[in-house]
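Chain and residue survey
In case you want the letters, here they are:
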Amino acid sequence: MNKKSVKDIDVKGKRVFCRVDFNVPMKDGQVTDDTRIRAALPTIEYLQNEGAKVILASHLGRPKGQAVDELRLDPVAKRLSEHLGVDVRKTNEAFGPEVEQVIEQMSAGDVLLLENVRFYPGEEKNDAELAKKFAALADVYVNDAFGAAHRAHASTAGIAEHLPAVAGFLMEKEIEVLGKALSNPDRPFTAIIGGAKVKDKIGVIENLLDKVDNLIIGGGLAYTFVKAKGHEVGKSLLEEDKIDLATQFMNKAKEKGVNFYMPVDVIVADDFSNDANTKVVSIEEIPSDWEALDIGPKTAETYRDVILNSKLVIWNGPMGVFELDTFANGTKAVGQALADATDTYSVIGGGDSAAAVEKFGLADKMSHISTGGGASLEFMEGKELPGVVLLNDK
Ligand SMILES: Nc1ncnc2c1ncn2[C@@H]1O[C@H](COP(=O)(O)OP(=O)(O)OP(=O)(O)O)[C@@H](O)[C@H]1O
Ligand SMILES: O=C(O)[C@H](O)COP(=O)(O)O
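Everything numeric in this text was worked out from a predicted model, so none of it was measured. (Residues numbered from 1 in each chain as written. Chains lettered and ligands numbered in written order. Predicted model: local features only at pLDDT ≥ 70, side-chain atom pairs only at ≥ 80, totals over all residues. Heavy atoms only, no water.)

1. Here's the deal with unusual backbone geometry
Excluding glycine, a negative phi dihedral is what most residues carry, and trans is how most peptide bonds are arranged. We apply this condition: Each helix is a run of H or I in the DSSP string that is no shorter than four residues. Each strand is a run of E no shorter than two, and both are numbered from the N terminus.
Between R187 and the following residue, P188, the backbone shows a cis peptide bond with an omega angle of 0 degrees. Along the chain, P188 falls in the loop between α6 (169–183) and β9 (189–193). Of note, the phi angle at D28 is positive, near 50 degrees, even though the residue is not glycine. One can find D28 in the loop between β2 (26–27) and β3 (30–31). For K64, which is not glycine, the phi dihedral falls at a positive 60 degrees. Structurally, K64 can be placed in the loop between β4 (53–57) and α2 (74–84).

This is the structure we're talking about:
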C-alpha cells in the first residue's frame, strides 16, 4: 500500500485519534462476537507500547445522529479492557469539555474509548465542524477501521484533512491482501459469489470478470442466472429485472475465457424452515411451488474441485440459507474445501461468509477473513475507499 502506516510516524507522547470499527454484534448488552475488537489489538498495543495516548473512536449500529442507550460503547470498552489487560476508560461523549479533560489526564500508553460517533448528526454527513472537533482532540489520526472505510464520514474521512493521517495495521493488512488479489493474483484465481441478491453484487461480478479464471455463483442470486438459462425457478429468489444482466455476465465470461460455474443441482424446500420437506433436484426440475434454498451435492462437489485446483480464492456470500441447518451443507462444503485446500490462499470477503466459516469452526483454516462486509465488497468492485484515500502517501 502506498499510504503511510503507524510505523512511518513518531507517536511517542502524542495524542492519537484512532478510528476503529467496533461495530460488533451485541445481545442483551453483551458483545456476542469480538472478532473486530481482537483484529484492532495489534494497532492499539503498538500505540500503547510506543507511548502514545490512545483515543479510540468507533460507531456501533445506526443510531441516526442521536444518543441511543443500547448503542453506547460501554460493553465494548469492557471487552477491550479484558483483552488489553488494562482499564480502558470510556467517555459518554465523543468530543467536548468532558472528553478534553479526560484526555488531559491521560498518561503515555493509556487507552480511552469515546462514545459512539454516530450519536452526532454530523458524523455520517462528514460535517467539517465535527471533523475539526474530533481533530482538536489529537495530534495524529490513525485509521484502522477497514470495516467502515467505504463510508465518507467525519471520523473516517473528514478528520484526515486536519491531522497527519496514517493507516493502522489492520487497515494495512486488509488493503494489502485484497489489493494483491485484485492486482497481482496467483493463478488459477477463483471468485465465489453468493448471497441473496444479484443487485448487491453487480459491481463485484463485473470487476472480477476482468480478473478471475473461474467464477462460481451460488446462493439466492444464482436463481436469476438459472432463469436466464431458460429454466423455471419455482418460488426461489428471482430478480426479474436482472435476468438480462445475468445473461450478459455469462456471455462476458465466455468472451473473456472465464470458466463460469453455476448450480447444476439444488436443494428445494416446500417451506422456508428447518422442518420443511426437501429434495435434491436438477436445475431443470425445480417444482413450481418449491424454492431452492441451497446448492445440491453434485454442485458442491464440482465447486470443491475448482477450489482445490485454485491458488487463490475470494469468497463473498453464502451458497444457501446457511443460518438454517437444513440448508447449510452447500456453504459448509465450500468452507470445508477451502479449509482442505492447503496450497490455496483463501480470502473471505467479510459479512455473512465470515459468519459462516465462524459458525462451522473453519475460521482458523482460512488465510484471511476480512473484517469488512460492505467495505470489502466495494474494494472488490474496484472502488476507492474514502477512509483510505485521504491518508498520507508514503
Ligand atoms: N437460496 C437462497 N434463498 C434465499 N436466501 C438465500 C439463499 N442463499 C443464501 N441466502 C441468504 O442470503 C443471505 C446473505 O446474503 P447477502 O447478500 O447479505 O450476503 P453477503 O454478501 O455475505 O453479506 P454481506 O453484505 O454482509 O457481506 C443469507 O442470510 C442467506 O440466508
Ligand atoms: O458493519 C459494517 O459493515 C461496518 O461497520 C459499517 O457499518 P454501516 O453499514 O452501518 O456503515
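2. Here we look at a negative patch on the surface
In plain terms, the rule: Two joining distances apply to patches: 9 Å for like charges and 5 Å for nonpolar side chains (Val, Leu, Ile, Met, Phe, Trp, Tyr), and every residue must have over 30% relative accessible area and no salt bridge. Only the protein chains shown count as cover for residues, with accessible areas throughout obtained via the Shrake-Rupley method and a probe of 1.4 Å. By definition, a salt bridge exists where a carboxyl oxygen of Asp or Glu is found within 4 Å of a side-chain nitrogen of Lys or Arg. Note that His is not counted, nor are the chain ends; the positive residues are Lys and Arg, and the negative ones are Asp and Glu. To locate a charge, take NZ of a lysine, CZ of an arginine, CG of an aspartate or CD of a glutamate.
Together, D270, D271, D275 and D289 give the surface a local cluster of negative charge. Relative to the helices and strands, D270 is located in the loop between β12 (265–269) and β13 (278–282).

3. A word on empty space enclosed by the protein
So the rule is basically this: Note on definitions: the grid is 1 Å and covers protein atoms alone; a cavity is a set of points where a 1.4 Å probe fits but cannot get out; a pocket is an open set with protein on both sides within 12 Å along at least five of seven lines; lining residues have an atom within 4 Å of a point. Grid points are joined across faces, edges and corners, and a volume is the space filled by probe spheres set on the points. Residues are grouped as follows: Ala, Val, Leu, Ile, Met, Phe, Trp, Tyr, Cys and Pro are nonpolar; Asp, Glu, Lys and Arg are charged; every other residue, Gly included, is polar.
Summed over the entire model, instances satisfying the criterion amount to one cavity of 30 Å³ or more. Here the largest cavity is characterised by a volume of approximately 60 Å³. What lines the largest cavity is simply V20, D21, R36, A39, A40, D144, A145, F146, G147, L170 and T371. Per-element accounting of the lining of the largest cavity gives the leading share, three residues, to helix α1 (residues 35–49). When grouped by side-chain class, the residues that make up the lining of the largest cavity number six nonpolar, two polar and three charged.

4. What about the packing of aromatic side chains?
Definition in use: When two rings of Phe, Tyr or Trp (its six-membered ring) have centres within 6.5 Å they constitute a pair, described as stacked for plane angles under 30 degrees, edge-to-face for angles over 60, and tilted for the intermediate range. A simple rule labels every residue: compare its accessible area, found with a 1.4 Å probe on the protein chains alone, to the largest value its type can have, and call it buried under 20%, exposed over 50%, or partly exposed in between. Either the NZ atom of lysine or the CZ atom of arginine qualifies as a charge over a ring when it sits within 6 Å of the ring centre and within 35 degrees of the ring normal.
Counted according to the given criterion, the structure contains six aromatic pairs. Centroid distance F17 to F134: 5.5 Å. Interplanar angle 40 degrees. Geometry classified as tilted. Of this pair, F17 sits in strand β1 (residues 15–19) while F134 sits in helix α5 (residues 128–135); the two residues are 117 residues apart in sequence, bridging distant segments of the chain. The buried category is assigned to F134, whose relative accessible area is 0%. Here the aromatic cluster, defined as three or more aromatic residues joined through ring pairs, consists of F17, F95, Y120, F134 and Y141. The residue whose ring lies beneath K279 is W290, and the NZ or CZ to ring-centre distance is 4.5 Å.

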